[in-house]
Amino acid sequence: MHAADDLTVFTRVVDCQGFSAAGKELRMTTAVVSSRIAKLEQRLGVRLLNRTTRQARPTDEGLIYYDHCMKVLAEVQEVEHRLAEMKRRPAGALRVSVPVSLGRNQIAPLIPEFVAENPDIQVRLQVTDRVVNILDEDVNIAIRKGVLPASGDIMRRLAPDLRVCCAASDYLKENGTPKTLEDLRNHNCLLLRFPGSKRYTWQFMADDETISNLNVSGNMDSNSSAVLIDWAVQGHGVIMKSVWDIADHLDSGALVPLLAERWPRDLGINALMPARPQQPAKTRAFIDYLVKRMRDHPVGAMAESYGL
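Attention here is on the structure that accompanies the text. Since the model is a prediction, treat every value here as computed from it, not as a measurement.

Structural notes on the overall build of the protein
When you go through the protein residue by residue, the secondary structure sums to twelve helices and 14 strands. Taking 2.2 N^0.38 as the reference for a compact globule, 308 residues should give roughly 19 Å; the C-alpha atoms of the protein span a radius of gyration of 31 Å, well beyond that estimate. Each of the three principal axes of the protein carries a C-alpha extent, and together these read 100 × 35 × 30 Å. Taking all contacts inside the protein whose residues are at least 6 apart in sequence as the whole, residues at least 24 apart take part in 74%. When the accessible surface of the protein is totalled, it reaches about 16700 Å², and 49% of it is carbon and sulfur. Of the charged side chains in the protein, 39 are positive and 38 negative, and the gap between their average positions amounts to 7 Å.

Structure, rendered in structure tokens:
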């Protein structure tokens, strides 16, 4: 039995002025109630109750302890009430990790409206292309793209995605347009690199429609996907990025799609959450909001137009 339960037993005995009546309220036998009080007195080293055959009245020390118990139990009840409210009502700090381009272009613009609709939530947005460990870094939601490795985390799909291989027309005029995957090995591929990164291999769809890796190389790399996109638009090489990151450049013609028949299909923008019996209300609220806002987004329609 928890120490707070000892306080409850003691206060009920004082209020009921006896062990038997307190036991009936607590659904305990008289013997159990008497034993709990005896152990409590032994632990405290003072006598809390004067006992008769019919009644139990608090000693002077017992009255002091009774007042203390009532304050503690009231605080415990208040904390439990607040925790229960947080389960029902979205509140608290929400730590979200998102890739740079997706975060800057798509997710960050949605945050002010979400906070306005949920004023008790404080969003802590971490924008990084590094793959964070959601448990070690205390992240509530990590938004990720592409083919994800198996894990024990909870995953929810937010929107369709498409990995687009592309380059600027000026680059293609000078270096030629790759017609096959092997041709890419002779092109300057702009790569995302950071400790632990595996993006020096790009994923494409093989003839049997499985996903295969292609080793690529280039003379410029960065730990920022936004920098890679800028370089590609300026004509320095080929990139492979999520359609969500480069939709504006594809729409304007600044970037030209390449090898579209080999792009991986059935990908998605996904939200990863730590596995737990029930996600906090703040997490559920944010995920539901993103699903709703991204479901009918023009970029999703663009992905479908390419045959997703």
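Moving on, there is more to tell.
Quick look at the environment of Leu 290
In this fold, Leu 290 is placed in helix α11 (residues 281–295). Judged by its relative accessible area of 0%, Leu 290 falls in the buried class. Distance from Leu 290 to Ala 159, taken between C-alpha atoms, is 8.9 Å for residues 131 residues apart in sequence. Those residues in contact with Leu 290, other than ones at most four positions away along the chain, are Ile 107, Leu 110, Ile 143 and Leu 158.

Considerations on the pattern of salt bridges
Applying the stated criterion to the full structure yields twelve salt bridges. Across the salt bridge formed by Arg 36 and Asp 6, the nearest N and O atoms sit 2.4 Å from each other. Of this pair, Arg 36 sits in helix α3 (residues 30–44) while Asp 6 is found in helix α1 (residues 3–16), placing the two residues 30 residues apart along the sequence. Between Arg 12 and Glu 25 there is a salt bridge whose closest N-O contact spans 2.5 Å. With Arg 12 in helix α1 and Glu 25 in helix α2 (residues 19–26), this pair connects stretches of sequence that are 13 residues apart. Overall, Arg 12 belongs to the partly exposed group, its relative accessible area being 22%.

Observations regarding the nonpolar core
If you look at the biggest cluster of nonpolar residues, it comprises 58 residues, and the most contacted ones within it are Ile 141, Ile 143, Leu 158, Cys 165, Trp 202, Ile 239 and Leu 290. With seven residues, α11 is the single largest residue contributor to this core. Ignoring any residue separated from it by four or fewer positions in sequence, one finds Ile 141 in contact with Leu 94, Arg 95, Val 96, Ser 97, Ala 271, Leu 272, Met 273, Thr 283, Phe 286 and Ile 287. One finds Leu 7, Phe 10, Val 14 and Val 33 within the second-largest nonpolar core, a separate group that totals 17 residues.

Looking at the sheet that holds strand β7 (residues 163–167)
As summarised here, the arrangement of the three strands in space is β12-β7-β13, forming an open sheet in which the pairing is antiparallel. Each having just a single partner strand, β12 (239–242) and β13 (256–257) make up the two edges of the open sheet. Looking at chain direction, β7 and β13 are connected through two bridges and run antiparallel. Paired with Ala 167 across the strands is Val 256, a residue of β13. Along the sheet, helix α10 (residues 243–252) makes contact with β7, β12 and β13, crossing β12 at roughly 110°.

Scoring rules and cut-offs
Residues numbered from 1 in each chain as written. Predicted model: local features only at pLDDT ≥ 70, side-chain atom pairs only at ≥ 80, totals over all residues. Heavy atoms only, no water. Helix = DSSP H or I, 4+ residues; strand = E, 2+ residues; numbered from the N terminus. Rg over C-alpha atoms; globule rule 2.2 N^0.38 Å. Contact = heavy atoms within 4.5 Å. Areas by Shrake-Rupley, 256 points an atom, 1.4 Å probe, with all protein chains shown as cover. Lys, Arg positive; Asp, Glu negative; His and termini not counted. Charge placed at Lys NZ, Arg CZ, Asp CG, Glu CD. Buried < 20%, exposed > 50% of the residue type's maximum accessible area, 1.4 Å probe, protein only. Salt bridge = Lys/Arg side-chain N within 4 Å of Asp/Glu carboxyl O. Core = buried A, V, L, I, M, F, W, Y, C linked by side-chain atoms within 4.5 Å. Pairing = 2+ DSSP bridges. Axes fitted to C-alpha atoms, helices over the stretch in contact; angles between N-to-C directions.

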